[in-house]
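Here is what each chain is made of, one letter per residue.
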4 protein chains.
Amino acid sequence: MESVNRATLLITCPEKPGIISTVTNFLSEHKANIIDIDQYTTDPQAGIFFMRIEFNVGNHTLEKLEEDLHVLAKDYTMDWSLSSNKKRKRMAIFATKADHCLLELIWRWKTNEIPVEIPLVISNHEDLKEIVESYGIPYYHIPLTKGTKEDAERKAMELLEEKVDFIVLARYMQILSPNFISKYPNKIINIHHSFLPAFIGANPYVRAFNRGVKLIGATAHYVTNDLDEGPIIEQDVQRINHQYTADDLKVAGRHVERSVLAQAVSWHVEDKVLVHGNKTIVFQ
Amino acid sequence: MESVNRATLLITCPEKPGIISTVTNFLSEHKANIIDIDQYTTDPQAGIFFMRIEFNVGNHTLEKLEEDLHVLAKDYTMDWSLSSNKKRKRMAIFATKADHCLLELIWRWKTNEIPVEIPLVISNHEDLKEIVESYGIPYYHIPLTKGTKEDAERKAMELLEEKVDFIVLARYMQILSPNFISKYPNKIINIHHSFLPAFIGANPYVRAFNRGVKLIGATAHYVTNDLDEGPIIEQDVQRINHQYTADDLKVAGRHVERSVLAQAVSWHVEDKVLVHGNKTIVFQ
Amino acid sequence: MESVNRATLLITCPEKPGIISTVTNFLSEHKANIIDIDQYTTDPQAGIFFMRIEFNVGNHTLEKLEEDLHVLAKDYTMDWSLSSNKKRKRMAIFATKADHCLLELIWRWKTNEIPVEIPLVISNHEDLKEIVESYGIPYYHIPLTKGTKEDAERKAMELLEEKVDFIVLARYMQILSPNFISKYPNKIINIHHSFLPAFIGANPYVRAFNRGVKLIGATAHYVTNDLDEGPIIEQDVQRINHQYTADDLKVAGRHVERSVLAQAVSWHVEDKVLVHGNKTIVFQ
Amino acid sequence: MESVNRATLLITCPEKPGIISTVTNFLSEHKANIIDIDQYTTDPQAGIFFMRIEFNVGNHTLEKLEEDLHVLAKDYTMDWSLSSNKKRKRMAIFATKADHCLLELIWRWKTNEIPVEIPLVISNHEDLKEIVESYGIPYYHIPLTKGTKEDAERKAMELLEEKVDFIVLARYMQILSPNFISKYPNKIINIHHSFLPAFIGANPYVRAFNRGVKLIGATAHYVTNDLDEGPIIEQDVQRINHQYTADDLKVAGRHVERSVLAQAVSWHVEDKVLVHGNKTIVFQ
């Protein structure tokens, strides 16, 4: 008997009447059993249409289905992607010295909450080598100095080549070149602190402290060439008060960062995030 | 030119392959343009299937569509309901003396956030008569004493007859008879305080105070014959601390109650809530 | 027998060893019974010291205590204020057309949650006249046009003169002149929307929508000459998702605004907020 | 020059006029410089008075101060405790197989967010031995079977004897005997899941799932002989929806549990929690 796979189809295309029934008919014809369907349109008349369909399908049928999707997609000018539980996504983690985001991801990977493979961790420092390797994950130390940045990125790209599906910057704190980013469009997830109001530039925690903010937050987003301005995947905040020192703010910030980043990565892994211009549709 | 209506179709039926494409095809054939589709199944093999579809459709077509739905529904053993923006839902409010939930609903009705009609408010006291009537809403005072409860309910039912689609108990604090409830299945929304842990019985705020709880909450649910045990629509909590007196807890409780109730009513009005046994599916 | 008053003393002064015992001794000597004491210091060596003491005290003693406080305050270079439940704070509300913040304040005033007097509401429009007057609160319509702004402010100041202790801008949306602000230092409370990241300038909700933010918030602060940059009293957020239209964001924003503003006003009325430079100490 | 210590004094005693000035005078006389003072009284007339004072004091003076406190405490029938940063609290962790709470505590210990010593981890299983020992923390495996429970507890008590100041049950899931509990009054912290409403007994997550709750929570509390009914230190919740399976609820529950437990342990370590009957005062 043929084994059953759980697959997820993501579609982005111009809005057109009948598109949902076309796709669900297509899946019916391929003996796929729909489990979950989410869709969103920016405008029912002439907008962009986004859909996520999760379905069960037999092993061989999946291949045929993928083949036939190319034809359907052409007719509807669809961007689409198809993933299945036959193949886990492969996640690279970039880190420096801070361990909180890295360890949160590793812990959720170990408990299988985030069902990925982690082929490697890359860091410009050696501080986290021991703990990462204790989990059996290869750790590559690529030092970064002003003159060697290009070299370092090339080395990283060689290590990643054909090995990973997406990258998480777990407090990596380094700006990636447009060349690097263009290789992984909407495939690099970053986390940064967020405040109401925003404090752009250096020492944001000190400035948040000086301003007496009552909430500190974190934002996880896809990396684009606009530093920290890519499409937002998830945000959250934590309440603080005047008794928090600037250091206490950093500690509180760390906790928000790790939970927001882990949530964003989860959704990415489950193919729940679609990008539209500079914003995301998240099918929770 | 025919005017366009926004309509919402809710469906509950046994899970069956191809059901989504059947319904979306049906809508396509009736020239309905799907805006939003949400579905949930308790089990893809042999579970119960729930779907909410929002669509634009021409005026005349809507009638034909409704007619034909009867046939489709029979084939699939569907429970279904169809509503449209041609006809606002009519909401009765039951209250006693407390005004916070009542005024929150009236305020959101006035700002059109909750787009309903309010044909009447019924209360066993006269305290809120003036404020309710100042909004142009009829107010009926039906006193309640031990011996007259049956009479009072009969009087209320006469007032409601053919006039309302659903009822909100805005801190009504009276137990309705099974006979009354059976006339409005999943059409009566109640709000009550909630604590971690729960305090069943009298003086819950005093007991929550004595136990030093750190969160107080509220739960909005549909009314069934099991007092306060019907399907939960929405819940929320507010953080408190040891400095709150039992009276402060009541004040905090009021704020959670009014926002939770208003949210639950909103979702009900937008046909976003489906009931399955003693739980709800809420398509947010 | 002499009646008992509940009084609150706020103190700001340079940090000095023994200051707490000095003040508590002073209160003991004046037969005041301390109910609650909160303090904060920016630096135990040479910082600024902030204290809030709530105490019970006899009627006549309160006068004597206030007299003697002048002497004590001089010795310690204290800024101080003393308030008591003998005299409710008087709150003016400034509004335009939006009613949500105004009505929230009036509702909490009516239920005595915010125990103030409201001598008047001032607005540059007539929209809210009827609803405000239905609560027995005087409503003054002072139209605003470009050329008449100075006149309008003068008229407002005459109306407020000796009548109010603080002012709440309930979505007033007008910039006050430095001259006006200087008459009410840390006595004018404003509310504005807040986003992560911040969107400075026009149409923030549209821009938040375009950026796909996942949280929208509100900030209540004291008004200074730096527009929307005064000391923050309270902030909160609400979770949203990609399905929210720009209009939905505004609705969600309204709910956060009214609860954040009401909380900030409550704390101000209870003398729980002290200002230090451009930040607040809030003794919750 | 004498080194300076940060010390914290906790006091519980019957309410009495002048008690705050007495204690602050006492500290002034002992050259202690008060950093932070928090107090709470259940009733200003004849209630119970609780105070936490944090202060800087010289090394030798601290000893003298402690000595003299015995005399003061006697006069005021005070329960008191004095701790200082000269000596870290020693925390034992009890676990079974689940690692999430254990690892969260170890991680916060490693980053020094929770500044304790961890002399040992005790478990009735061997699953976590390797990971715990990799942090250099001794791990003791004490198997538990029905007949051996008394023996096992005796063994545990021998291991703990004079070695620990408090115990954290990190999902230990075993009921401790009254004899064991009596050795550590208000010194054993437990974490358990919490729901609105509460589900007492077996399979709470399945029952929460069946009831369709919209929030799941966790409660950290001191252990008393009333199972899961001891004084609550901290609670929090996470929002869920109908799409969560019973397994998803468990995952969400784990995240709330670890953050709530870690917060409760932090406050305990910083001497911010006082117990009053079956409730806590938490000076945040």
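Just so we're clear, the structure is a prediction, and the values are computed from it rather than from any experiment.

Visitor: In this structure, what is going on with the interface of chain B and chain D? I would like to understand it.
Guide: How big an interface is tends to be expressed through the accessible area that disappears when the partners come together. Chain B puts 32 residues into the contact, and the matching count from chain D is 32 residues. Counting across the chain B and chain D interface gives six salt bridges. D:R211 serves as the salt-bridge partner of B:E229, at 3.7 Å between the closest nitrogen and oxygen. Applying the counting criterion to the chain B and chain D interface returns 20 residue pairs in polar contact (both at pLDDT 80 or more). The set of elements that each furnish at least two residues to the side of chain B that touches chain D consists of β10 (188-195), α7 (204-211), β12 (232-239) and β14 (279-282) of chain B. If you tally residues by element for the side of chain B that touches chain D, the top one is β12(B), at seven residues.

Visitor: Any chance you could explain the sheet that holds strand β5 (residues 89-95) of chain A here in plain terms?
Guide: Two modes of strand pairing occur in sheets, parallel and antiparallel, and in both the strands are linked by backbone hydrogen bonds. Residues and elements named next belong to chain A. The mixed open sheet is built from seven strands, whose spatial order is β7-β6-β5-β8-β9-β10-β11. Every other strand in the sheet has two partners, leaving β7 (139-141) and β11 (232-239) as the edge strands with one partner each. Taken pair by pair, the neighbouring strands of this sheet meet at an average axis angle of 20°, ignoring direction. Bridge count for strand β10 (residues 215-222) against β11 is seven bridges, and the pairing is antiparallel. Paired with L215 across the two strands is R239, which belongs to β11. Running at roughly 25° to strand β9 (residues 188-195), helix α7 (residues 204-211) makes contact with β9 and β10 of the sheet.

Visitor: Looking at this model, I keep getting lost on the interface of chain A and chain C. Mind explaining?
Guide: Contacts between the two partners involve 32 residues from chain A and, on the opposite side, 32 residues from chain C. Both faces combined, the contact of chain A with chain C buries some 2800 Å², and carbon together with sulfur accounts for 51% of it. Considering only the surface of chain A that becomes buried against chain C, A:L196, A:R211 and A:H242 emerge as the three largest contributors, covering 26% of it. Our enumeration of links across chain A and chain C arrives at six salt bridges. A salt bridge links A:E234 to C:R239; the shortest N-O distance between them is 3.1 Å. Listing elements by their share of the side of chain A that touches chain C, those giving two or more residues are β9, α7, β11 and β13 (279-282) of chain A. Of all the elements, β11(A) adds the most residues to the side of chain A that touches chain C, at seven residues. By residue class, the composition of the side of chain A that touches chain C is 15 nonpolar, nine polar and eight charged.

Visitor: Which parts of the structure should I look at to understand the relation of the copies chain B and chain D?
Guide: By a simple turn and slide, chain B fits onto chain D: the slide is 0.0 Å along the axis, the RMSD is 0.0 Å, and the turn is 180°. Both copies are brought into coincidence by an operation consistent with a two-fold rotation axis.

Visitor: Is there a simple way to think about the packing of aromatic side chains in this case?
Guide: In this structure the tally under the stated criterion is 18 aromatic pairs over all chains. Here B:F195 and B:Y205 contribute two aromatic rings whose centre-to-centre distance is 5.2 Å and whose plane-to-plane angle is 85°, an arrangement assigned as edge-to-face. Linking B:F195 in strand β10 with B:Y205 in helix α7, this pair joins segments that are ten residues apart in sequence. One aromatic cluster in this structure is built from A:F94, A:Y172, A:F180 and A:Y184. Geometry around C:F209 places A:K279 over its ring, the cationic atom sitting 3.6 Å from the centre. In this structure, B:K16 is placed above the aromatic ring of B:Y76, and the distance from its NZ or CZ to the ring centre is 4.8 Å.

Visitor: Just checking my understanding: could you explain the relation of the copies chain A and chain C for this structure?
Guide: After a rotation of 180° and a shift along the axis of 0.0 Å, chain A superposes on chain C with an RMSD of 0.0 Å. Comparing interface residues between copies, 100% of those in chain A also lie at the interface in chain C; the contact surface is shared.

Visitor: Help me understand helix α5 (residues 149-160) of chain A in this model?
Guide: Every α-helix carries 3.6 residues per turn, so stepping three or four residues along brings you back to the same face. All names here are of chain A. Over its twelve residues, α5 extends 16 Å from the first C-alpha to the last, a length consistent with the 16 Å expected when each residue adds 1.5 Å. Listed in full, the buried residues belonging to α5 are A152, E153, A156, M157, L159 and L160. Relative to the axis of α5, the buried residues are bounded by an arc of 160° and lie together on one face. Turned more than 90 degrees away from the buried face of α5 sit E150 and E158, all of them exposed.

Visitor: Any chance you could explain the packing of helix α1 (residues 19-29) of chain B against helix α2 (residues 59-75) of chain B here in plain terms?
Guide: When two helices pack together, their arrangement is given by the angle between the helix axes and by the axis-to-axis distance. Residue and element names in this part refer to chain B. Contact geometry for α1 and α2: axes closest at 11 Å, N-to-C directions at 155°. By the criterion of interaxial angle, the relationship of α1 to α2 is roughly antiparallel. As α1 runs across α2, the sense of the crossing is right-handed. Where α1 approaches α2, its residues T22, V23, F26 and L27 are matched on the opposing element by L65, D68, L69 and L72. Of the residues belonging to the contact of α1 with α2, the class tally is six nonpolar, one polar and one charged.

Quick notes on the rules
- Every chain is numbered independently, its residues counted from 1 as its sequence is written.
- Going through the entries in the order they are written, you letter the chains from A and number the ligands from 1.
- This being a predicted model, a pLDDT of at least 70 is required before a residue's local features are given, and a value of 80 or more before pairs of side-chain atoms are given or counted; all residues contribute to the totals for chains, interfaces and linings.
- Heavy atoms throughout the structure, all of them, feed into the side-chain values; hydrogens and water do not.
- Contacts are residue-level and defined by heavy atoms, with any inter-residue pair within 4.5 Å sufficient.
- Here, a salt bridge means any Lys or Arg side-chain nitrogen found within 4 Å of an Asp or Glu carboxyl oxygen.
- Contacts described as polar in this section are N or O atom pairs within 3.5 Å, which, within protein, must combine one atom able to donate a hydrogen with one able to accept it, while residues neighboring in sequence count only if both atoms come from side chains.
- Numbering of helices and strands runs from the N terminus; a helix is a DSSP stretch of H or I covering at least four residues, while a strand is a stretch of E covering at least two.
- Pairing between two strands requires that DSSP report at least two bridges joining them.
- Inter-axis angles, ranging from 0 to 180 degrees, are taken between N-to-C directions of lines fitted to C-alpha atoms, where helices are fitted over the stretch in contact.
- When two parts are put together, the accessible area they lose, computed with a 1.4 Å probe and summed over both, is reported as buried area.
- Here the term charged refers only to Asp, Glu, Lys and Arg, the term nonpolar to Ala, Val, Leu, Ile, Met, Phe, Trp, Tyr, Cys and Pro, and the term polar to all other amino acids, Gly among them.
- Only residues with pLDDT of at least 70 in both copies count here: their C-alpha atoms drive the least-squares fit that superposes the copies.
- Aromatic rings from Phe, Tyr and Trp, taking only the six-membered ring of Trp, are treated as a pair when their centres fall within 6.5 Å; an angle between ring planes under 30 degrees marks them as stacked, one over 60 as edge-to-face, and anything in between as tilted.
- Only Lys NZ and Arg CZ are tested; either one counts as a charge over a ring when it is within 6 Å of the ring centre and within 35 degrees of the ring normal.
- Any helix carries an expected span of 1.5 Å times its number of residues minus one.
- The rule is simple: take the accessible area with a 1.4 Å probe, protein chains only, and divide by the maximum for that residue type; under 20% is buried, over 50% is exposed, in between is partly exposed.
- Of all possible arcs, the one meant is that of the directions from the helix axis to the C-beta atoms.
- If an angle is under 35 degrees, it is roughly parallel; if it is over 145, roughly antiparallel; if it lies from 65 to 115, roughly perpendicular; otherwise it is oblique.
- Put simply, a crossing is left-handed when the front helix is turned counterclockwise from the back one by less than a right angle, and right-handed when it is turned clockwise.

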